[in-house]
Protein chains: 2
Amino acid sequence: MSLRAVTVALVAASLPLAAAPARADEGMWTFDGFPAAKMRKDYGWAPDQKWLDNVRASAVRLTGGCSASFVSADGLILTNHHCVVDCAQNLSTQASDLVANGFTAQTRAEERKCPGQQAEVVTMITDVTKDVKAAIGTAMGEALVKARDARIAEIEKAGCKDTATMRCQVVTLFGGGQYKLYTYRKYSDVRLVWAPEFQAAFFGGDPDNFNYPRYALDASFLRAYENGKPVKLKQYLKWNPRAPREGEATFVVGNPGSTQRLFTTDQLAFQREVQLPITNRVLSELRGRLLSAMEQSPEKKREGGDTLFGIENSLKVYVGRQSALNDPKFFNALADAEGDLKAKSAGNAAIGDPWGQVAGAVKAYRDVYLSYRFTQPSGDLYGYAEDLVKAAIEREKPNAEREPGYTDSALPLLEKQVLDEKPTYPWLERIWLEWSLSKAREYLGADDADTRLLLGKESPEGLAARLVEGSRLADPAVRKALWEGGMAAIRASNDPLIQYALKLEPRQRELKKVVDERYQGPLTAAGAKLADARFAAYGDALYPDATFTLRISYGKVAGWLERGAMVAPVTTMGGAFDRATGAEPFVLAKAYTANEAKIDKTTPYDFVTTNDIIGGNSGSPVVDKDGSVIGAAFDGNIHSLGGNYGYQPEVNRTVVVSTAAVQEALETIYPAPALVKELAAK
Amino acid sequence: MSLRAVTVALVAASLPLAAAPARADEGMWTFDGFPAAKMRKDYGWAPDQKWLDNVRASAVRLTGGCSASFVSADGLILTNHHCVVDCAQNLSTQASDLVANGFTAQTRAEERKCPGQQAEVVTMITDVTKDVKAAIGTAMGEALVKARDARIAEIEKAGCKDTATMRCQVVTLFGGGQYKLYTYRKYSDVRLVWAPEFQAAFFGGDPDNFNYPRYALDASFLRAYENGKPVKLKQYLKWNPRAPREGEATFVVGNPGSTQRLFTTDQLAFQREVQLPITNRVLSELRGRLLSAMEQSPEKKREGGDTLFGIENSLKVYVGRQSALNDPKFFNALADAEGDLKAKSAGNAAIGDPWGQVAGAVKAYRDVYLSYRFTQPSGDLYGYAEDLVKAAIEREKPNAEREPGYTDSALPLLEKQVLDEKPTYPWLERIWLEWSLSKAREYLGADDADTRLLLGKESPEGLAARLVEGSRLADPAVRKALWEGGMAAIRASNDPLIQYALKLEPRQRELKKVVDERYQGPLTAAGAKLADARFAAYGDALYPDATFTLRISYGKVAGWLERGAMVAPVTTMGGAFDRATGAEPFVLAKAYTANEAKIDKTTPYDFVTTNDIIGGNSGSPVVDKDGSVIGAAFDGNIHSLGGNYGYQPEVNRTVVVSTAAVQEALETIYPAPALVKELAAK
């Protein structure tokens, strides 16, 4: 449930060795760098290029921050339920609640389009490192960032002529050590096909999230359309609804969002001492505000559900990170790994002292961090306003001079996300805005110039109410007119949120400039040197930190030793019935209770593997040696949270919902005979 | 606003040196250990015994966690508004809101009794160190704790024959290095006399709390009664409504609640790594839950006001502590001071290795900490239930075998607090209980045995609703019957909260036993050795950590250097008018606006001094060389939060409301001619 890429605001047995070469099943490998020799050594077998090519062609990235896979010739997509829950919520009303009740399209005509959703498949990876590094040259600070971003904008634009079906994205790997152009085939009409009840998908709720054993049917199906018809595919994964076998090799193919395994100890200390404590406090307060508000009515409970899940999920992630960095053994192991790399790099003049450069950049960032962070209000409506204002400003510039999110290669998806119709809830918008303004005042101080810019003489409560009540940005037609009208329309708008975003924009730009000059620029320069140091010390069989781009991880089905007892790797559907208490979140879904007699309780439900994953991998197909899908990764165990900084092979586990359980659900619990037939097609 | 002793749940220019002798104006001195020679050296003057005796006899402790002073022969008590706000809230209804509107008793007949409040004056301090240490002998672990507590119970009982007017309390100083019997004259009928509007007392609200410059009239008056009449006093502080003078000597006389300056680095690391992160997250969530709930209606906003203040105040304290311990320079200075003491103690066989003993105790405590902490639900109603159950159980035992809170010397105040009539709000009780049960499940895990004990098969939401709706403990008559009925009544009660507290009690007792055996016992043994080490290394001119017992601090009126600019030490009442924005919490109080023309805006309002104080000092008289009161301490500046661990003379400041401002208010803003006359009496 946890593995959607963390988008809000921003661990014990063996210890992580982040900078050193990958051990055991560690590694989120790029498809152009799969360590076949290493795997063959450990497993006696490794996939060949044809196997890799077919899996890659079947792997789907979802723009909501998830992974997925094609599982039929007709564009059927397997992913997690928690990756479609925002779609289900957007398509729901109080009278027709697709989240609570689930959704099954018995025919393709009943399949329903997901607002803002896009599916993407990598078709090509091109190394553009020399090109980008040449453009950077000897530039430093903000000039480095500008030169890099300008060249990236040009490469992306040149790479994708047909922006209706293609997307180009240059990815920075190893913190500036490599640049690769990823070319995607994109599908911007994605429809909801099948989703179980929320209570089946998220049985155990937040208490069970990131825990195991689990009993969650966290799976759903989408379908990619083009020109109003399901897309026709030649390559997709074969559906195999069989039981996982303890010890068998498994591959997770998906898009891990972000890791920080190559961070220096100065960066980690900043996270531990400043960033994570603040994040966890402010998110905890937001959670409390939302919980109380949702208790006011069943409607608010429904409307706030997906937001609450996102906040609680992020909070658990960040709390796990804070705990990991606050564990002296864990932190010291990372420091030791850094020491090893420093020792191996000593005397190499070409490398110099990138650690010192990073330390200086972090020190400078500490001074501007609170201003940079808290001059950014929250909320969907404010987000629309900011995107409309910034897109209008940036579109008046040549492509290569724009901020990265507003280049020609980025605009089509942004436009779709801003203009697609989806519901907003004024009470929820007020909570977001009031909370973010109130926290800004708290952390910047009531007398700070940025607080005065944000609030003027108003209170966070009063300002949030005025902006939300007065804005018409909830109406997609209003947004469309502002998007198409450009700067003239923005300047002429009397929408209070547009005016507000326009007022904040110069200060946000000024702060970004400072951060680019003092922090991002120096980090990128140092990142290139740190990458050189690693390649020199450990060879090139290294994997880069996660970047929400396609990776493959190999591992096996295996439990782990928890406080002296082995955790069995596979649960059964009957376990859900045993675990149910009748009280939320341990209430059985209605269809489970109704169909109890028919359900084969011995069906494998969820299982764990040693695959190395992180948030963003949600929905990733779990593939066996044959290249068939046997599950969808949906979570990590509690030890996986430290995986942001380092992989611990003995205890870090991926949590998967088995295809066997999905098959049982399709046949017995939420019957979908057409899907069963489609999945069984050879 | 901040200095009420922290009671919820449980951090820089020059750097603190906790273990070393006091520097500059550092020190919360006991009255039997005032460092007259040291002060004379620094200030060219120090108070004599008569001065000290008169001040001590005028100093009042309030059982709500505050300090105060007698300021008239008729038992008039000066304290902070935030020390009486719970009383004002308890006496309020939606129709008559003493918090929002303030309260002035124009005659003594109008003075209103504060539920649960008791005023106490120290009359004698007796050293019982030898006695208690002899009782402990060579006992270790839980046996040590039991032997100590038994002897303390006996000493307290023997010390106070007249429990109607006296209270006896043995205080553990230097973490077990000294034991002193404090004898108090107590007054258990305390009435509200005068309180300004909340908006005057807490102008600037949470954003300004712990900040300065300030413009807050955080002062109120109470009166001690006995036999229905105001008490008659021979000793009290002379009221002097004059302006403070920069550089003049000031004394703060009050009851600092708790400091941790003698903690070892292992104890501090545990706070930084485990305790404070959890506390700040869970309190942040509670704050959010309460904020949203209070926005539902003006009635809830009123009813939750004092609770919200307490939570936000505690949160700021704990966030400040976490920030201090997360500042490597601050933490390393504390570690250096420990290193100095260790070096000076090396080779002293009588001292041994108490640091190692503490480290072992902290390690053991880490294992039981979550269980110990989270098996303790929250809320006033649950608190009544727990007190009733535990008091009934403990009263069946001989005095010396009871838990400390239930000995003969402790029972009278507990009985008053349990039986006094005060309102409870079911919605607020549900939030407290639901939150604490939900956090227990979060931190212990859904499958933990303690979680199962707490929840059974219910959800936190369902259980909290059932317990609060079903309980009759809000009725003081019901509580009285249970208190008087003892175990028989408790066992016979079908009140769900009583049954619940009865169910939890054995496990709570078991956990206390484990904590006493592995943590408290070893800490006390090590504490005695650490005290010996300090006395041997630095002589006996040391002050103990704060214990919510009477202390005196000397210092002077002085600003400080903040980011390159001096902060002026005194504000004026006119500053409040300049700072007002018209939006909460920067709205002027109604009476300020109404009386603006009459108010002398040059009147000194708040001021800062170098006195060393901490939470619990709220309401402390600020006394000049003449022994007159010139203000009431109500806050510390933001740098004072690290003062829990070490005093930083250049930046740590006490924030005081001046008697001049109170006088102006009594004459012009909230007129109270009788009080003006009483205060002016010679």
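Please refer to the structure placed before this passage.
Read on for an overview of the structure. (Residues numbered from 1 in each chain as written. Chains lettered and ligands numbered in written order. Predicted model: local features only at pLDDT ≥ 70, side-chain atom pairs only at ≥ 80, totals over all residues. Heavy atoms only, no water.)

1. Notes on the overall build of chain A
Moving on, step 1. Looking only at helices and strands, one finds 24 helices and 21 strands in chain A.
Moving on, step 2. For 682 residues, the compact-globule estimate of 2.2 N^0.38 gives 26 Å, and chain A sits close to it at 24 Å.
Moving on, step 3. Across its three principal axes, chain A shows a C-alpha extent of roughly 65 × 65 × 50 Å.
Moving on, step 4. Split into buried and exposed, the 682 residues of chain A put 65% on the buried side.
Moving on, step 5. Computed over 82 positive and 85 negative side-chain charges, the inter-centroid distance for chain A is 2 Å. (Helix = DSSP H or I, 4+ residues; strand = E, 2+ residues; numbered from the N terminus. Rg over C-alpha atoms; globule rule 2.2 N^0.38 Å. Buried < 20%, exposed > 50% of the residue type's maximum accessible area, 1.4 Å probe, protein only. Lys, Arg positive; Asp, Glu negative; His and termini not counted. Charge placed at Lys NZ, Arg CZ, Asp CG, Glu CD.)

2. Here we look at the state of the cysteines
All names here are of chain A.
Moving on, step 1. Tallying each qualifying case throughout the model produces six disulfides over all chains.
Moving on, step 2. The disulfide that involves Cys 160 links it to Cys 168, with 2.1 Å between the sulfurs. Classification of the bridge connecting Cys 160 and Cys 168 rests on its S-S torsion, roughly 85 degrees, and on that basis the disulfide is right-handed. Taken individually, Cys 160 and Cys 168 each receive the classification buried, so the pair is uniform in this respect. (Disulfide = S-S within 2.5 Å.)

3. Observations concerning the interface of chain A and chain B
Moving on, step 1. Counting residues at the interface gives 40 residues for chain A, matched by 40 residues for chain B.
Moving on, step 2. Buried surface at the junction of chain A and chain B, both sides included, amounts to about 3100 Å², of which 47% is carbon and sulfur.
Moving on, step 3. Of all residues in chain A, Arg 281, Asn 326 and Lys 457 of chain A give up the largest surface area on contact with chain B, accounting jointly for 17% of the area buried on that side.
Moving on, step 4. Scanning the region where chain A abuts chain B turns up six salt bridges. (Contact = heavy atoms within 4.5 Å. Buried area = accessible area lost by both parts, 1.4 Å probe. Salt bridge = Lys/Arg side-chain N within 4 Å of Asp/Glu carboxyl O.)

4. Overview of the pattern of salt bridges
Moving on, step 1. Within the structure shown, the criterion is met by 106 salt bridges over all chains.
Moving on, step 2. Here Asp 447 of chain A ties to Arg 452 of chain A by a salt bridge, and the two come within 3.5 Å at their closest N and O atoms.
Moving on, step 3. Two residues, Asp 74 of chain B and Lys 232 of chain B, come together in a salt bridge whose shortest N-O distance is 2.7 Å. Remark: Lys 232 of chain B occurs in the loop between strand S12 (229-230) and strand S13 (238-239) and Asp 74 of chain B occurs in the loop between strand S3 (66-70) and strand S4 (76-79); sequence separation between them is 158 residues.
Moving on, step 4. By relative accessible area, which is 64% here, Lys 232 of chain B ends up exposed.

5. Details of helix H23 (residues 659-669) of chain A
Moving on, step 1. With ten of its eleven residues buried, H23 of chain A lies for the most part within the structure.
Moving on, step 2. Taken together, the buried positions of H23 of chain A are Thr 659, Ala 660, Ala 661, Val 662, Gln 663, Glu 664, Ala 665, Leu 666, Thr 668 and Ile 669 of chain A.

6. As for the packing of helix H5 (residues 129-136) of chain A against helix H6 (residues 141-159) of chain A
Residue and element names in this part refer to chain A.
Moving on, step 1. Two elements in contact, H5 and H6, have axes whose closest approach is 8 Å; the angle formed by their N-to-C orientations is 140 degrees. When the axis of H5 is compared with that of H6, the two are oblique. Taken as a pair, H5 and H6 cross one another with a handedness that is right-handed. Together, Asp 131, Val 132, Ala 135 and Ile 136 of H5 and Leu 144, Ala 147, Arg 148, Arg 151, Ile 152 and Ile 155 of H6 make up the contact between the two elements.
Moving on, step 2. Looking at the contact of H5 with H6, its residues break down into seven nonpolar, no polar and three charged. (Axes fitted to C-alpha atoms, helices over the stretch in contact; angles between N-to-C directions. Parallel < 35°, antiparallel > 145°, perpendicular 65-115°, else oblique. Left-handed = near helix turned anticlockwise from the far one by under 90°. Nonpolar A, V, L, I, M, F, W, Y, C, P; charged D, E, K, R; others polar.)

7. What about the packing of aromatic side chains?
Centre-to-centre distance and the angle between the planes together describe a pair of aromatic rings.
Residue and element names in this part refer to chain B.
Moving on, step 1. Taken as a whole and judged by the stated rule, the model has 52 aromatic pairs over all chains.
Moving on, step 2. With 5.0 Å between their ring centres and 70 degrees between their planes, Phe 174 and Phe 535 make a pair best called edge-to-face. With Phe 174 in the loop between strand S8 (166-173) and strand S9 (178-187) and Phe 535 in helix H19 (residues 496-538), this residue pair connects regions lying 361 residues apart in the sequence.
Moving on, step 3. We classify Phe 535 as partly exposed; its relative accessible area is 23%.
Moving on, step 4. Above the plane of the ring of Tyr 225 lies Arg 191, whose end atom (NZ or CZ) is 3.8 Å from the centre. (Phe/Tyr/Trp six-rings, centres within 6.5 Å; stacked < 30°, edge-to-face > 60°. Lys NZ or Arg CZ within 6 Å of the ring centre and 35° of its normal.)

None of this, on its own, says anything about what the molecule does.
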